[in-house]
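Listed below are the residues making up each chain.
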Amino acid sequence: MLERHVTLRTGEKVHIRPLMVADAALYPNFLADVTREDLRLRFFVVMRELAPAIIDRLVHYDPAVAMAFIAIDEKDGRMLGVVRLHDDASGENGEFAILMRSWLKGHGLGWLMMKHMIAYAKEKGLRSVHGQVLCENTTMLQMCAELGFHSIDDPNEQGVKYVELPLAEVPAEVTI
Ligand SMILES: CC(C)(COP(=O)(O)OP(=O)(O)OC[C@H]1O[C@@H](n2cnc3c(N)ncnc32)[C@H](O)[C@@H]1OP(=O)(O)O)[C@@H](O)C(=O)NCCC(=O)NCCS
C-alpha cells in the first residue's frame, strides 16, 4: 500500500505516493507557500528557505532504510505536503517528520498522511514510530495524541516533546 487517492473534507482530490527524485522540481513552488514559522516547526531552526543541497538530500533517500510520501494535488500537479520516515540504526523503529503547504493546514491532509505513514511502518514490521515536536506546536501534539502517540518531555532537548507510537497498539487493518 504505497499510494492512494483521497478526497479531503474540503473537496481537494489528492494523490499520495512515494517521493521520487524528480519531485525536487516541485519543492520550490511548495516551499514558496510554506511560512517561515511552519519551516521552524518542522526543522526547529529559523530559515528563510531550503537550500537546493538540502532538497537534493531530501529526495535522495535509501528506500531500504527510509521512506517519504508526497501529496500531489490531482487538479494541477502541485505538491501539497510530505511525510518522511527514517529507520533507526537498529532498524526496528522509525523517526517521522511532516510538512504541509501552509494554506492547506486544517483540511485533514496532515492526518491522512500520518495515517499513511503509520500503515506503511506497520506493514514494514517496525516496532514503533517516533518524532520530536516543539512544545508550542499544539496542533501537531493534539493530532499525535488523537493518533495514539505517547508524549514525554524530550530528555535531550528542552522545549521539545518526544512522541512515540508503539505499532503493536495500532490495529492490523489501518485505514485512512
Ligand atoms: C502539523 C501539520 C502537519 C498538521 O497538518 P494539517 O493538514 O494541518 O492537519 P489536519 O488538518 O489533518 O489535522 C489537524 C486537525 O484535524 C484533526 N483531524 C484531522 N483529520 C481527522 C480525522 N479524520 N479524525 C479525527 N481527527 C482529525 C486533528 O486532530 C486536528 O484538529 P483541529 O483542526 O481541530 O486542530 C501541519 O500543520 C504542518 O505542516 N505544520 C508545520 C510543520 C510541523 O509542525 N510539523 C510537525 C513536526 S515534524
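Residues numbered from 1 in each chain as written. Predicted model: local features only at pLDDT ≥ 70, side-chain atom pairs only at ≥ 80, totals over all residues. Heavy atoms only, no water.

1. Things to note about the state of the cysteines
Part 1 of the argument: Taken as a whole, this structure holds 0 disulfides when the rule is applied.
Part 2 of the argument: The thiol of Cys-135 is unpaired, and the distance to the nearest cysteine sulfur, on Cys-144, comes to 13 Å.
Part 3 of the argument: Overall, Cys-135 belongs to the partly exposed group, its relative accessible area being 33%.
Part 4 of the argument: The buried category is assigned to Cys-144, whose relative accessible area is 1%. (Disulfide = S-S within 2.5 Å. Buried < 20%, exposed > 50% of the residue type's maximum accessible area, 1.4 Å probe, protein only.)

2. A closer look at the packing of aromatic side chains
Part 1 of the argument: Taken as a whole and assessed by the stated rule, the structure comprises 3 aromatic pairs.
Part 2 of the argument: Both rings, one in Tyr-27 and one in Phe-30, keep their centres 6.2 Å apart while their planes meet at 90°; by these two values the pair is edge-to-face. Taken as a pair, Tyr-27 and Phe-30 lie in helix H1 (residues 27-31) at a separation of 3 residues, close to a single helical turn. Taken individually, Tyr-27 and Phe-30 each receive the classification buried, so the pair is uniform in this respect.
Part 3 of the argument: When the ring of Phe-96 is compared with that of Phe-149, the centres are 5.5 Å apart and the planes differ by 65°; the resulting orientation is edge-to-face. Separated by 53 residues along the polypeptide, Phe-96 in strand S5 (residues 93-100) and Phe-149 in the loop between helix H5 (138-147) and strand S7 (150-153) bring together distant segments of the chain. This pair shows no difference in class: Phe-96 is buried, exactly as Phe-149 is.
Part 4 of the argument: The aromatic ring of Phe-43 is capped on one face by Arg-42, whose charged end is 4.1 Å from the ring centroid. (Phe/Tyr/Trp six-rings, centres within 6.5 Å; stacked < 30°, edge-to-face > 60°. Helix = DSSP H or I, 4+ residues; strand = E, 2+ residues; numbered from the N terminus. Lys NZ or Arg CZ within 6 Å of the ring centre and 35° of its normal.)

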